[in-house]
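A look at the structure
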Amino acid sequence: MWSAIALTHAGDSISRAFGVTVPEFVTNLRGNKMGSTLGAWFIGNTLSQNMLNTGAFEVYYDGETIFSKIESHRLPSMPELMNDLTIAIERYQQKALGDTSEPAAAEMPA
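Since the model is a prediction, treat every value here as computed from it, not as a measurement.

Thoughts on the packing of aromatic side chains
Evaluation of the coordinates by the stated rule reveals 2 aromatic pairs. Centre to centre, the rings of Tyr61 and Tyr92 are 5.8 Å apart; their planes meet at 90°, and the pair counts as edge-to-face. Here Tyr61, found in strand S1 (residues 58-61), pairs with Tyr92, found in helix H5 (residues 78-97); they are 31 residues apart in sequence, far enough to count as distant. Among the residues examined, Tyr92 registers a relative accessible area of 38% and is labelled partly exposed.

Considerations on the environment of Leu29
Relative to the assigned elements, Leu29 resides in helix H2 (residues 24-31). Judged by relative accessible area, Leu29 falls into the partly exposed class, the value being 22%. Residues Leu29 and Ala4, spaced 25 residues apart in sequence, show a C-alpha to C-alpha distance of 8.5 Å. Ignoring anything within four residues of it in the chain, the contact list for Leu29 reads Ala4, Leu7, Thr8 and Ser36.

Rules used throughout
Residues numbered from 1 in each chain as written. Predicted model: local features only at pLDDT ≥ 70, side-chain atom pairs only at ≥ 80, totals over all residues. Heavy atoms only, no water. Phe/Tyr/Trp six-rings, centres within 6.5 Å; stacked < 30°, edge-to-face > 60°. Helix = DSSP H or I, 4+ residues; strand = E, 2+ residues; numbered from the N terminus. Buried < 20%, exposed > 50% of the residue type's maximum accessible area, 1.4 Å probe, protein only. Contact = heavy atoms within 4.5 Å.

What follows is the structure, given as structure tokens:
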């Protein structure tokens, strides 16, 4: 979104700064600054809003799922999330050192 707006308002200056000729699409954007800016703003906001509406909240560490809102149908508490991350980090460190024992659960205040 911001790059389209920047090209609309300063595309010729940006092209000259990089020593390239102004592309035709930049000239077209500049021909209708108001429409190009509003279009980029609308499309950018619509896309970002749709990405946020998935309801997904996934936390991964080293390819391991720490928490999944899609699976649990809820959000984690901060102590729960920190505890699960601590366990995953300990597991990763043990794996890196060749230790196969299970890490102890970390104690996090509620």
